[in-house]
Each structure stands twice: as C-alpha cells, then as structure tokens.
Amino acid sequence: MEEIQFWIGIVATMAFAVTGVLAIADRGVDIFGVLVLGLITAIGGGTIRDIILEIPPFWSENQIYVWLALAASVATFFAESFFTQPQIYRWMLYIDGFGAALFAIQGATKAWMMGFGLPVGPVILGVITAIGGGLIRDVLAGRKTLIMSHELYAIPVTLGCSVYVLILNFTPQYAIEGSAFCMLGIFAIRAAAIHWDLHVPKMFITKTR
Amino acid sequence: MEEIQFWIGIVATMAFAVTGVLAIADRGVDIFGVLVLGLITAIGGGTIRDIILEIPPFWSENQIYVWLALAASVATFFAESFFTQPQIYRWMLYIDGFGAALFAIQGATKAWMMGFGLPVGPVILGVITAIGGGLIRDVLAGRKTLIMSHELYAIPVTLGCSVYVLILNFTPQYAIEGSAFCMLGIFAIRAAAIHWDLHVPKMFITKTR
Amino acid sequence: MEEIQFWIGIVATMAFAVTGVLAIADRGVDIFGVLVLGLITAIGGGTIRDIILEIPPFWSENQIYVWLALAASVATFFAESFFTQPQIYRWMLYIDGFGAALFAIQGATKAWMMGFGLPVGPVILGVITAIGGGLIRDVLAGRKTLIMSHELYAIPVTLGCSVYVLILNFTPQYAIEGSAFCMLGIFAIRAAAIHWDLHVPKMFITKTR
C-alpha cells in the first residue's frame, strides 16, 4: 500500500514538473527559470504546508522528489515538442490531475495526523499541497493564477478534502477506504473537466465590470 | 476588555473578508476564488506573522475566524449588489480601517510579548498583520498591490505601530492606554483619508518615467 | 575574517536596498513603498531561508541590517538623481552582484552547518538567500521577475552554490578557501555579465509563441 503511494507520488511529482514547465514555456523562459519553476510547481505546495505545520519541508528528508522534478523539468525543456503533442499533453493533464488528487489527500492526511487545526486545518492544507506550487509558479512567471482561471481544478480538490475530513471525523474506521474514495472522486471530476472541457458555470462567477 | 477585543476582532475579520472580496469582484472570480481570496485577505496577514514568530497560525486554535471569513465571503458573493451600494461600501471601508488598526496593534502586541526582534520586530509584524493578507490577495488576483497604490493605509498603520512600540519601551506603565491611543490614531488618519479622499502627497512619490 | 564578512554584509545589504529601490523607482512608488520594497529586497531572501530552516529570521537578532536597509532606501528616494547617474548606478550593480555572491555562499553555509537537506538543501537555500528578496519585491511591485528576465544572475549563483557544496562534501578541509573561491567565481561571472552586457544565450530560452 505504502509502496503504491510512493510510486504514485513519484509519477505525480514528475507530471507536476512537466505540466508546470509547459504552462510557462510559451513565455520565453531560460533553462534556469525552467528548473526553478518546474521545481516550485512540483514541491512548492508541500513546502508551504510543511512551513505552516512547523516541520522541515518533506524534500529535506528525501531528496528524490527534488531530483526527479529537476530531471523532468530539463527533459521538458529539451523535449518540448514531444510534450506539446496534443495526445501526450492530454496524458500529462490527466496524470497532473491524479497528482493533484493524491497530493491533496496526502496533505490533508498529514495535517489530520498531526492534529492541526481540526477540522478545518486539514482541508486548507490539503488544498495548499495540491495547488500552492502552481500558484507560486504563476505569480513568479507573471501569469494569471489558477484562482482566476475558472478551471474545475481547485473546486474538486476542496470538495474531496472536505468529504475526506468528514469521513475521518465521523467514520474513522473507514479512513483508508475514505482516502481512496476521495482521491478517485477528485480525479474523476478533474478528468471529466479535462475530457469534456468543463469550467465553473457562469452563475458562480462574479460579473466583470 | 478582552471580550471587547474579541468582538472587534470578529467584526474586523468579516469586514476584511467583505472588502477583500469586493476588491476583486469586478474581475470575474468564481465562487471558489471568492472563498479563497476572502479568507486570505482576512487571515493571511496574521498567518505570515505567526510563521515568522514560529508559532502555529492563530486560526488553527480558534477556527471561528475561518468560518466567519468564509461566511462573509459567500455572503458578499451572493449579495454583491448590496455591498456595492455607495453608502454600505463606505461603511465597510471604515470598518476595514478599524480592523486594520486593531490587527496592527494586536500583531505588534503579540510580537512584543514574545520579545521578538525588539524594538523593530513588533513594528514589522504589526504592519504585516494588518496588510499582509491584502497583499497576497492582490498578487494572486493579478491586481496592483496596496504598496503601489498611494493609499493612506499602510503609512498610518506603520506610524501607529512605531508610536506604540515607543510607548511600550519608554512608558510601559501606559501599555493599555497606549494601545487604545495608537489604535484610534491609526483609525483616525485612515478615516480622514476615506472621508476626504486623501492620498500620499506627490512630493513623497517617485516620478514615473 | 569574520569582521571582513560582517562589513561586506553591511555594504551588500545597503547595495541591495539601493538597487532594490532603483529597480522600482520609475513606477511612481511612495516613500512607504520605497521603505518596504527596499527592506524586502535587502532582507527578504534571508528571511525565507530562515523560515524554511525553522529558525528566527536573522534580523530579529541583529537589527543593524534592518536599519541600514531602511536608511539606504530613504537615501535612494531623496537622492535618486545621484544614484541613477550611469557611473554610480554601474558601481551599485557591481556591489549588488558582490552582495548576491556573498549572501548565496553565506546562506549555503548556514544550511550546510545545520545539516539541512544535504546535499541539495544548501544549494536551494543559497539561491533563495541571494534572489528571494528581489523576487518578492518584483511580485509586489507588479514587475517582471528576475526568473523571466534572461539576466545572468541566478545562474552563476546556482553554479557557485553547487560547486561550493561539492567542495564541502568531498574536500571539507578546503571549506574556507572553497567559500572564497565560489564567492569570487559568482561575482566574476556576474561582473562579466554587467561589463559586457551578457545574457542567457537564446538556445537556452524557450520559444515564445
């Protein structure tokens, strides 16, 4: 079980780095910027989470995440034309969505087990783990952030973390099943949004003036 | 006394969330963005302060602030036309100014009592408590930040915190009176700026080229 | 030796504040913004480093850095025409480059001595110490960040920190010589970039679309 999680985490970290680099590749970024922004996308969210939890950032103990994120970023730089093929890019988006689901539930679990700000803390930290890195990347790259994008991305993550915390609170005996269920639920909504190009409905968006 | 502070804090948190949401409502933000940005405006500054002080964020111990900020954000989303009425919006600005004064002095007090970086630390952390959340909101929303706006907002906050630290340092027996005096002083300048539409004078602004 | 480092640190802090203010002076910033952004440029990177290391920010123990950064910022505001003279500005760029080299190696050393995330941690924290403050300034000022600029600035910093960590790891008996060598190496590349107006070569930049 834990080994599966580890391998999913590895794949998700690399997918985050790849999609993170692709998101800003059209802006003329140099190789250093690619490394920094790919790395931040992949490990930034978990780093903010750990800072708020007052523990050392996860990558200071196991640097495999840093190396893989850097390797994936460089690979994306040199093989950009491969990754921007519609078919491959679509695959990356799905893996990225799965990574977001995994990171969100992992982040919420970590906060829950430390008893951080129950019950709201694990939801907030789960969301931060999943989307925090992308937000920093967008801010540093001068790009519109996810929060302003109307993507169905942060909403399933937040819903999934909330349901997960309810399960942990009211039926703790189903913690493991609950984590799998919420992870798949987040991924299912995200995948549907990718597949059918769904966005946040207009009635939930403020009017621009 | 403490109860008064608590209730003022409650009102100020909600006012921060309301003005925080109104500030970005004209950009077409979805309901999730409204929740996140309202929450960040309300609790972001105090969170940075607590991270720098190396203590758990204040909202991890008393989540009432999170719930109220979320509630105020949702209410603002659905009742935007109410809050944008000139009269009501003006009220919100005054309450927001009072909240900034309160948060600044609270933040400086917390840093002072922990002996953090005396004497400069409490001033810096007081200012961060009052304006930090708004800064993160503006950055994530792609909006010009307060620092570039020439508003008379951060200046009274900084002056008030500085005077307060001088009082704590040289006449500690007047700590309570001093905190009330500085809070009201900050609010008075801010209220005057709102009432007469005052901004930072041109001679204190660099020339754009 | 330590005294030399101290004085270089003092000069570098002030140069960071001066170049930090000059970088945003053409945007119409008020005196408060100048103080905040000058201060953040000078001490922001070290603050993030210390937050990640879970220790109190360095300026909470020795406030000389805060005072000097504030003094340099105010001086730059009132003597902008002096500092923007081509000859003087050029001098500032060189001192800023030397400050970046010094801060990077100091930051890496601090992380190394705390055993933080060896071997990758000291490199990451060295880079953050050197460029983190400038990044926050640019984000708050709505300016294109260094990461998107193709300057030869972060790359020599990263190279220097990496070589330094290799030296610490494989030939620790040359730690002191190594730190001086890497500091000078970073500065040499940066100075060459200023002198000959070198930038990151096009082959290392993604194509804008």
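Owing to the predicted nature of the structure, the values given are computational and were not obtained by experimental measurement.

How each quantity is defined
- Residues numbered from 1 in each chain as written.
- Chains lettered and ligands numbered in written order.
- Predicted model: local features only at pLDDT ≥ 70, side-chain atom pairs only at ≥ 80, totals over all residues.
- Heavy atoms only, no water.
- Helix = DSSP H or I, 4+ residues; strand = E, 2+ residues; numbered from the N terminus.
- Buried < 20%, exposed > 50% of the residue type's maximum accessible area, 1.4 Å probe, protein only.
- Contact = heavy atoms within 4.5 Å.
- Areas by Shrake-Rupley, 256 points an atom, 1.4 Å probe, with all protein chains shown as cover.
- Lys, Arg positive; Asp, Glu negative; His and termini not counted.
- Charge placed at Lys NZ, Arg CZ, Asp CG, Glu CD.
- Least-squares fit on C-alpha atoms with pLDDT ≥ 70 in both.
- Expected span 1.5 Å × (residues − 1).
- Arc of directions from axis to C-beta.
- UniProt positions renumbered as here; feature names shortened; annotations may be inferred.
- Buried area = accessible area lost by both parts, 1.4 Å probe.
- Salt bridge = Lys/Arg side-chain N within 4 Å of Asp/Glu carboxyl O.
- Polar contact = N/O pair within 3.5 Å; in protein donor to acceptor, adjacent residues only side chain to side chain.
- Axes fitted to C-alpha atoms, helices over the stretch in contact; angles between N-to-C directions.
- Parallel < 35°, antiparallel > 145°, perpendicular 65-115°, else oblique.
- Left-handed = near helix turned anticlockwise from the far one by under 90°.
- Nonpolar A, V, L, I, M, F, W, Y, C, P; charged D, E, K, R; others polar.

J.: What should I look at first to understand the overall build of chain A in this one?
T.: Helix and strand content of chain A: eight helices and zero strands. Each helix and strand of chain A, ordered N terminal to C terminal, gives the series α-α-α-α-α-α-α-α. Principal-axis analysis of the C-alpha atoms gives chain A an extent of 50 × 45 × 30 Å. Looking at chain A residue by residue over its 209 residues, the buried ones come to 57%. In chain A, the proportion of contacts linking residues at least 24 apart, taken out of those at least 6 apart, comes to 75%. Counting only carbon and sulfur atoms, one obtains 69% of the accessible surface of chain A, whose full area is about 9100 Å². If the 11 positive side-chain charges of chain A are averaged to one point and the 13 negative ones to another, these points end up 14 Å apart.

J.: Would you take a moment to explain the relation of the copies chain B and chain A for this structure?
T.: The two chain copies are connected by a rotation around an axis plus a translation along it. By a simple turn and slide, chain B fits onto chain A: the slide is 0.0 Å along the axis, the RMSD is 0.0 Å, and the turn is 120°. The two molecules are tied by a three-fold rotation axis, judged by turn and shift. Little of the interface of chain B is mirrored in chain A, where only 11% of its interface residues are also at the interface.

J.: Looking at this model, I keep getting lost on the side chain of Q63 of chain B. Mind explaining?
T.: Summarising the element assignment, Q63 of chain B is placed in the loop between α2 (31-52) and α3 (64-78). Not counting residues up to four positions away in its chain, the partners in contact with Q63 of chain B are G117, L118, P119, V120 and G121 of chain A.

J.: Any chance you could explain helix α7 (residues 154-170) of chain B here in plain terms?
T.: The α-helix winds at 3.6 residues per turn, so residues separated by three or four positions along the chain end up facing the same way. Here α7 of chain B is 17 residues long and its end C-alpha atoms lie 24 Å apart, about the 24 Å a rise of 1.5 Å per residue gives. All of the buried residues along α7 of chain B are A154, P156, V157, G160, C161, Y164, V165, I167 and L168 of chain B. The buried residues of α7 of chain B occupy an angular sector of 165° when projected down its axis, which confines them to one face. Close packing links the buried residues of α7 of chain B with α5 (86-113), α6 (120-140) and α8 (175-195) of chain B together with α2 (31-52) of chain C.

J.: What is the right way to look at the UniProt feature "domain: Glycine transporter" (unreviewed entry) in chain A in this model?
T.: Residue and element names in this part refer to chain A. UniProt records the feature "domain: Glycine transporter" (unreviewed entry) at residues 7-79 and 94-167, using the numbering of this structure. Helix makes up 75% of residues 7-79 and strand makes up 0%, while its end C-alpha atoms are separated by 23 Å. In the segment residues 94-167, helix accounts for 74% and strand for 0%; the C-alpha atoms at its two ends are 26 Å apart.

J.: Even after reading the chapter, I still don't get the interface of chain C and chain B, so can you show me in this structure?
T.: Think of interface size as the accessible area that goes away when the parts come together; that is how it is often given. Contacts between chain C and chain B engage 28 residues on the former and 29 residues on the latter. Of the roughly 2400 Å² buried where chain C meets chain B, counting both sides, 71% is carbon and sulfur surface. By the criterion of area lost to chain B, the three top residues of chain C are D30, F32 and L140 of chain C, representing 25% of everything that side buries. At the boundary of chain C and chain B, one finds zero salt bridges. Linking chain C to chain B there are 10 residue pairs in polar contact (both at pLDDT 80 or more). Contributions of two or more residues to the side of chain C that touches chain B are made by α2, α3 (64-78) and α6 (120-140) of chain C. It is α2 of chain C that provides the largest number of residues to the side of chain C that touches chain B, a total of eight residues.

J.: Whenever I open this one, the packing of helix α1 (residues 2-24) of chain A against helix α2 (residues 31-52) of chain A confuses me. Can you help?
T.: The geometry of a pair of packed helices is captured by two quantities: the angle between their axes and the separation between those axes. Residues and elements named next belong to chain A. Their axes nearest at 8 Å, the elements α1 and α2 cross at an angle of 130°. Our classification of the angle between α1 and α2 gives oblique. As α1 runs across α2, the sense of the crossing is right-handed. Contact residues: T13, F16, A17, G20, V21 and I24 in α1; V34, L37, G38, T41 and A42 in α2.

J.: It is not clear to me how the environment of I10 of chain B should be interpreted in this structure. Could you clarify?
T.: All names here are of chain B. One can find I10 in helix α1 (residues 2-24). For the pair formed by I10 and I64, sequence separation is 54 residues and the distance between their alpha carbons is 8.3 Å. In this view, I10 contacts I64, Y65 and L68; residues no more than four positions away in its chain are not counted.

J.: What's the story with the interface of chain B and chain A in this structure? I'm lost.
T.: In this complex, chain B contributes 28 residues to the contact, which on the side of chain A involves 29 residues. Between chain B and chain A lies a buried interface of about 2400 Å² when both sides are counted; carbon and sulfur atoms form 71% of it. Ranking the residues of chain B by area buried against chain A places D30, F32 and L140 of chain B at the top, with a combined share of 25%. The interface formed by chain B and chain A contains zero salt bridges. Taken together, chain B and chain A are joined by 10 residue pairs in polar contact (both at pLDDT 80 or more). The set of elements that each furnish at least two residues to the side of chain B that touches chain A consists of α2, α3 and α6 of chain B. Ranked by residues supplied to the side of chain B that touches chain A, first place goes to α2 of chain B with eight residues. Classifying every residue of the side of chain B that touches chain A gives 19 nonpolar, four polar and five charged.

J.: Mind showing me how you'd approach the UniProt feature "transmembrane region" (unreviewed entry) in chain A here?
T.: Residues and elements named next belong to chain A. Under the local residue numbering, the UniProt record ascribes the feature "transmembrane region" (unreviewed entry) to residues 6-25, 32-52, 64-84, 120-140, 152-172 and 178-198. Counting secondary structure, residues 32-52 comes out at 100% helix and 0% strand; the distance between its end C-alpha atoms is 28 Å. In residues 64-84, helix accounts for 90% and strand for 0%; the two terminal C-alpha atoms are 26 Å from one another.

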